[in-house]
Amino acid sequence: MARSHEFDHDRRRQIYEYVERNGAVDPEDARQALLVQPSSNSKPARSGAELKPSVPMSSEEFDHHVSILERDGHLEVRDGKLRVAIPIDADATTVELDDVEATVRPAQQEDIAGILGVIETIASDEAYVVARRLAADVTRDEVLLRHNESEDRVFFVATVDDDAVGWLHVEVVQAPNMSHTAELTVGVLDAYRGGGLGSTLMERGLDWARSAGVEKVYQNLPATNDAAVAFLEANGWTTESTRDGHYRIDDELVDEVQLAIWLDD
């Protein structure tokens, strides 16, 4: 499974958690923001005595801890920004559509606005309840990627002329008895469907899930979302169960269908 983040130094944990909360940060901005109690060789202050004011870490100390976090695979520096290091094949894949060329690649924090726009567009036009919940979660967090003890999620993005036109999201379930499973959502704007873009996103997402030790990937959908159900079935997914009247959509009770795919080694 995905590695557990265990830190043997409080200041390294402090740096990592700051970067994860903010998605992508300038190293100097992070150093200035992370206030610490200065080290001291003197005896502990007596009760009631004033503590020294908190100050930013020194550049030397900050750089030292960041180097160790990079070495241990927790953080990376890319495009001049500190980021959470999530094991993803960073190569881009090109998909030739009818009259345009699309690119599928791992998402970066800077893609957040474009991805949210695509998710919200698709979720508003279709019965895609999970996508609406995902958009709400990302909007609240203001962060795309998560990789800690309680969340492990990645995004891939499809772009045309650097504009987002599709996304794929995989989130590993952190419950101990379900940590071999992950939830997946995927969507492509209507104008770019039918040329293999969704299937390419799916392939990248399932490859990442395999690398994270996931054995089964699932998605829950309203049964009225015929296009999504057909797409998943065409890509090897099977229906595992249905729940009667699980959603109320346009004041009608709609069944939920759960589809899943088991991943080969």
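What counts as what
- Residues numbered from 1 in each chain as written.
- Predicted model: local features only at pLDDT ≥ 70, side-chain atom pairs only at ≥ 80, totals over all residues.
- Heavy atoms only, no water.
- Helix = DSSP H or I, 4+ residues; strand = E, 2+ residues; numbered from the N terminus.
- Contact = heavy atoms within 4.5 Å.
- Buried < 20%, exposed > 50% of the residue type's maximum accessible area, 1.4 Å probe, protein only.
- Polar contact = N/O pair within 3.5 Å; in protein donor to acceptor, adjacent residues only side chain to side chain.
- pLDDT = per-residue confidence, 0-100.
- Axes fitted to C-alpha atoms, helices over the stretch in contact; angles between N-to-C directions.
- Parallel < 35°, antiparallel > 145°, perpendicular 65-115°, else oblique.
- Nonpolar A, V, L, I, M, F, W, Y, C, P; charged D, E, K, R; others polar.
- Pairing = 2+ DSSP bridges.
- Salt bridge = Lys/Arg side-chain N within 4 Å of Asp/Glu carboxyl O.
- Core = buried A, V, L, I, M, F, W, Y, C linked by side-chain atoms within 4.5 Å.

**Examining the side chain of E20**
- Tracing the backbone shows E20 in helix α1 (residues 10-22).
- Leaving out residues up to four positions away in the same chain, E20 has contacts with V84, V143, R146, H147 and N148.

**With respect to the side chain of D152**
- The residue D152 is located in strand β9 (residues 152-160) in this model.
- Judged by relative accessible area, which is 2%, D152 ranks as buried.
- At 2.6 Å, the side chain of D152 and the side chain of H147 are in polar contact.

**Considerations on the confidence of the model for the protein**
- When the pLDDT values of the protein are averaged, the result is 89; 91% of them are 70 or greater.
- Note on residues 41-45: pLDDT under 50 across the span, and one contact to partners over four residues away in sequence or across chains.

**Observations concerning unusual backbone geometry**
- Its identity as a non-glycine residue notwithstanding, D161 has a phi of 50°, on the positive side.
- Counting through the fold element by element, D161 comes out in the loop between β9 and β10 (163-172).
- The class of D161 is exposed, set by a relative accessible area of 67%.

**A word on the packing of α1 against helix α3 (residues 59-71)**
- With their axes 10 Å apart at the nearest point, α1 and α3 run at an angle of 75° to one another. As the angle between them shows, α1 and α3 are arranged roughly perpendicular. On the side of α1, the interface is formed by R11, R12, I15 and Y16, while α3 contributes E61, F62, H64, H65, V66, I68 and L69.
- Of the residues that constitute the contact of α1 with α3, the class distribution is six nonpolar, two polar and three charged.

**Some details on the sheet that holds strand β1 (residues 24-25)**
- The antiparallel open sheet is built from three strands, whose spatial order is β1-β5-β4. The open sheet has two edge strands, β1 and β4 (75-78), and neither has a second partner.
- The pairing of β1 with strand β5 (residues 81-84) spans two bridges and is classified as antiparallel. Bridge pairing in β5 places A24 opposite R83.
- In this fold α3 packs onto β4 and β5, with an angle of close to 105° to the strand it touches most, β4.

**Concerning the environment of A131**
- Looking at the element boundaries, A131 is found in helix α5 (residues 129-141).
- For A131, a relative accessible area of 0% puts it in the buried group.
- In this structure A131 touches I119, A123 and W167, once residues within four positions along its chain are discounted.

**Topic: the pattern of salt bridges**
- Within this structure, the stated rule accounts for 18 salt bridges.
- One salt bridge in this structure joins E61 and R11, with 2.7 Å as the shortest N-O distance. Of the two residues, E61 sits in helix α3 while R11 sits in helix α1, which places them 50 residues apart along the sequence.
- Across the salt bridge formed by R31 and E28, the nearest N and O atoms sit 2.8 Å from each other. A residue pair is termed a helical-turn pair when its members lie 3 or 4 positions apart in one helix, as R31 and E28 do in helix α2 (residues 27-33) at three residues.
- Judged by relative accessible area, which is 12%, R31 ranks as buried.
- One network of salt bridges, in which partners are shared, links D137, R140, D141 and R153.

**A word on the nonpolar core**
- The biggest cluster of nonpolar side chains holds 70 residues, and the ones touching the most others in it are I15, F155, W167, L184, L197, W208 and V217.
- No other element matches the seven residues that helix α4 (residues 112-125) contributes to this core.
- In this structure, W208 is in contact with I86, P87, I88, D152, V154, F156, V170 and V172, ignoring residues within four places of it in sequence.

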